[in-house]
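Survey of secondary and tertiary structure
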Amino acid sequence: SNQDLLTGLLNRNSMNNKIAQFINGKLQYNSLAVIFADLNGLKPVNDNQGHDAGDELLKKAAYLLKDTFTDCECYRAGGDEFLIIAIDKPKEELEAKVKTLRQKSLIPGYISFAIGFYYNEKGGKIRRALHEADNNMYEDKKKFYALHPELKRR
């Protein structure tokens, strides 16, 4: 199966197959964007409200990603981590979508993402794109937990 059963997004297996297509040169593209979105605060929800509440939060997060990145491939990379891959999309369009996602994920009591965005207008290598987006996401996550230390995962 290529679909995550909980969220309905493409799953890790599908993501790995797509990345292999990039590495093996089976995909032709001009520009490449990678967005990592890591759900903030899932552990406290699971610990305090139960795993059913955590699952609901993951479903809402997946819906928000699908709704924001309608013409991109959205994957549940695992746990509370999500990946969006966009090929040959204008940078300004993707930046606007990332901004929209940031704004929607700042609503108190709703969904909060740490987001890492990387764009290469010349295409570039998928591994570099993944690495840079991941680094950017972890920087965003550090900022979030500096503002909200009570939500820090153990």
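Look up: the structure comes first, before these words.
Now for a look at the structure at hand. None of the values given here were measured: they were computed from a predicted structure. (Residues numbered from 1 in each chain as written. Predicted model: local features only at pLDDT ≥ 70, side-chain atom pairs only at ≥ 80, totals over all residues. Heavy atoms only, no water.)

Bringing helix α1 (residues 12–23) into the picture now. Under the 1.5 Å per step criterion, the end-to-end length of α1 is 16 Å for 12 residues, consistent within 8% with the ideal 16 Å. Along α1, the residues classified as buried are Ser14, Met15, Lys18, Ile19 and Phe22. Buried positions in α1, seen along its axis, are confined to an arc of 135 degrees and lie on one side of it. The secondary structure elements touched by the buried residues of α1 are β1 (32–39), β2 (73–78), β3 (81–87) and α5 (126–147). By the N-cap criterion, in which a side-chain oxygen at the helix start approaches the backbone nitrogen of a residue two or three places on, α1 is capped by asparagine 11, the distance to asparagine 13 being 3.2 Å. (Helix = DSSP H or I, 4+ residues; strand = E, 2+ residues; numbered from the N terminus. Expected span 1.5 Å × (residues − 1). Buried < 20%, exposed > 50% of the residue type's maximum accessible area, 1.4 Å probe, protein only. Arc of directions from axis to C-beta. Contact = heavy atoms within 4.5 Å. Polar contact = N/O pair within 3.5 Å; in protein donor to acceptor, adjacent residues only side chain to side chain.)

Moving on to the side chain of arginine 76. Within the fold, arginine 76 resides in strand β2. Arginine 76 gets classed as buried once you look at its relative accessible area, which sits at 14%. In this view, arginine 76 contacts Asp4, Leu6, Thr7, Leu9, Leu10, Asn11, Arg12, Leu58, Glu81 and Phe82; residues no more than four positions away in its chain are not counted.

Under the criterion given, the structure shown has 11 salt bridges. Aspartate 71 is the salt-bridge partner of lysine 89, the closest N and O atoms lying 3.5 Å from each other. Of the two residues, lysine 89 is situated in the loop between β3 and α4 (91–104) and aspartate 71 in the loop between α3 (51–68) and β2; the sequence distance between them amounts to 18 residues. On the accessibility criterion, aspartate 71 (36% relative accessible area) is partly exposed. Each of the salt bridges in this network shares a partner with another, and the network as a whole consists of Asp71, Lys89 and Lys97. (Salt bridge = Lys/Arg side-chain N within 4 Å of Asp/Glu carboxyl O.)

A separate point is the sheet that holds β3. Paired through backbone hydrogen bonds, the strands of a sheet run either parallel or antiparallel to each other. Taken together, four strands build an open sheet; the order of strands is β2-β3-β1-β4 and the sheet is antiparallel. Each of the sheet's edge strands pairs with one partner strand only, and the pair in question is β2 and β4 (113–120). Within this sheet the neighbouring strands show an average axis-to-axis angle of 20 degrees, counted without direction. Pairing of β2 with β3 involves five bridges; the strand directions are antiparallel. If you follow tyrosine 75 over to β3, its bridge partner there is leucine 83. Where α3 meets the sheet, its contacts fall on β1, β2, β3 and β4, and the angle it forms with β3 comes to roughly 10 degrees. Across the sheet, α4 lies against β1, β3 and β4, angled at about 175 degrees from β4, the strand it touches most. (Pairing = 2+ DSSP bridges. Axes fitted to C-alpha atoms, helices over the stretch in contact; angles between N-to-C directions.)

Residue placement: serine 112 occurs in the loop between α4 and β4. Relative accessible area serves as the criterion here: at 15%, serine 112 is assigned to the buried category. Serine 112 has contacts with Asp38, Leu39, Asn40, Ser105 and Phe144, leaving out every residue within four places of it along the chain.

So, about helix α2 (residues 42–49). Those residues of α2 that sit buried are Leu42, Pro44, Val45 and Asn46. Next to the buried residues of α2 lie β1 and α3. Count one or two residues on from α2 and you reach glycine 50, which has phi positive near 100 degrees.

Counting 27 residues, the largest nonpolar core has Leu39, Leu65, Phe69, Phe82 and Phe113 as the members making the most contacts within it. Tallying contributions element by element places α3 first for this core, with six residues. Formed by 18 residues, the second largest nonpolar core is a distinct cluster that contains Leu32, Tyr75, Ala77 and Ala114. (Core = buried A, V, L, I, M, F, W, Y, C linked by side-chain atoms within 4.5 Å.)

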